[in-house]
Amino acid sequence: MTSPQASERRPPPPPLSSLEAGQRLRGTYLARRHRELLTRQGSPYLTLEIADATSVVQARIWSPENVVPANFETPGVYWIEAKVETYRDELQVIVETVTETAVADEDWARLLPTSRWPASVLVDELKRHVRECLVSPPLLRLVDAVLADPTIEARLGVVPAATGNHHAYRGGLVEHTLSMCRLASVLAKHYDAYYPGLVREELLVAGALLHDLGKVWELEGDLDPNYGDQGRLVGHIPAMSSFIAEIAGRLGDIPKELVWELQHMVLSHHGEYEYGSPKRPKTAEAQALHYLDNLDARMSMFAQHQTPGWSPFHRALGRPLLQPTTLREAWATPEAKAEAPAHGPGLPRRSLLRAAAPPRRAERDRESNADSVAATLSLFDPPSDSTPSES
């Protein structure tokens, strides 16, 4: 049987999270992994994990030699036809047809948990933000060379930021990285008003860009990402630190002091040794990067719990989480639900620059007020030609 091609726009198949007994599945799904087993009578059969963005279900394939193609392997995307039955009071999916099929770009969001923004938008916004912030030529040359690496170019918009806990979906790495870069600009501008020169924006933004890019090598497989040999033996932190030095060596004119600072930010962004950090933060930018990384990751965890009320125990955070919408009905003014901004998470730097205008206007107002006060006080000054009287 020939499957419909991705170019034929058909109604999407039913999500796996809403299966019911008696239902038939017919559509494109992700086959995550399979096992070859034998029945009690010695006949071969397969167990198969079928997945979409909503759920993962266990299925069975009886007589696999008549069902799956000769080159069948997992993970892979296939046209699957199956029936949903009840066995011992539990749903059971019996696969009847497995056929190779093409996948359109717009289908990935249905097949896999995926960022709400297209990868192209996130990558373009990330590059725009970085290039708006970086002003030192050696730093800009190094970062441009990193972003031009073929592996980073190919996988930046695909890889998750993690296999669990935070941004653990297709496009999660670039979403997390863009959010971090925008947070870095906000934080740098904030502290520049308190401690001028303490946090260098371009360095913090560069650190935010680079800190997790090593995951393009650490995580393997676009359909079912997991830690490969390099990820298990080396890890994304040492890999990225080495890559920075490698790129600087190729360029030949990058000051070693800049390389050290960037490496330190990557090596210390987990904060403490017990959290897998080879170094602890020793510069203001490195310390800020660690907290921004932790903040953005944890906000992602809270965002995953959208049902009003308490969540089950959250293993990574060590506590249940509260989505407080119902609790706040007693006091809070209702807010319209915000749509996801088209430009990706956070505020673009150009918005931050526009937001900086009111303080300058306020400064002029303060100067005007100061002039008014000075003029008022001058009414009480003695005439300029008078001399102090002797008492």
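Up top you'll find the structure we're talking about.
Rules of the game
- Residues numbered from 1 in each chain as written.
- Predicted model: local features only at pLDDT ≥ 70, side-chain atom pairs only at ≥ 80, totals over all residues.
- Heavy atoms only, no water.
- Helix = DSSP H or I, 4+ residues; strand = E, 2+ residues; numbered from the N terminus.
- Expected span 1.5 Å × (residues − 1).
- Buried < 20%, exposed > 50% of the residue type's maximum accessible area, 1.4 Å probe, protein only.
- Contact = heavy atoms within 4.5 Å.
- Pairing = 2+ DSSP bridges.
- Axes fitted to C-alpha atoms, helices over the stretch in contact; angles between N-to-C directions.
- Salt bridge = Lys/Arg side-chain N within 4 Å of Asp/Glu carboxyl O.

### Regarding helix α9 (residues 236-251)
Consideration 1: End to end, α9 covers 22 Å across 16 residues, agreeing with the expected 22 Å (1.5 Å per residue, within 8%).
Consideration 2: Turning to α9, its buried residues number three or more, namely His236, Ile237, Ala239, Met240, Ser241, Phe243, Ile244, Ile247 and Ala248.
Consideration 3: Where α9 is buried, its residues contact α3 (137-147), α4 (150-155), α6 (201-210), α7 (215-218), α8 (229-233) and α10 (256-268).
Consideration 4: Of the residues trailing α9, Gly252 is marked for its positive phi of about 85°.

### A short note on the sheet that holds strand β3 (residues 56-62)
Consideration 1: Pairing is mixed around the closed barrel formed by five strands, whose spatial order is β1-β2-β3-β5-β4. Strand after strand, the sheet turns through a mean of 50° between neighbouring axes, direction not considered.
Consideration 2: Bridging between strand β2 (residues 44-51) and β3 involves seven bridges; their strand directions are antiparallel. Within β3, the residue paired with Leu48 across the bridge is Ala59.

### What about the pattern of salt bridges?
Consideration 1: Enumeration according to the criterion identifies 20 salt bridges in this entry.
Consideration 2: A salt bridge links Asp212 to Lys215; its shortest N-O distance comes to 3.6 Å. The same class applies to Asp212 and to Lys215, which are both buried.
Consideration 3: Residues joined in a network through salt bridges with shared partners are Arg24, Lys83, Glu85 and Glu96.

### Concerning the side chain of Ser300
Consideration 1: Tracing the sequence through the fold places Ser300 in helix α11 (residues 284-303).
Consideration 2: Contact partners of Ser300, with chain neighbours within four places excluded, come to His166 and His167.

All we've got here are geometric facts, nothing functional implied.
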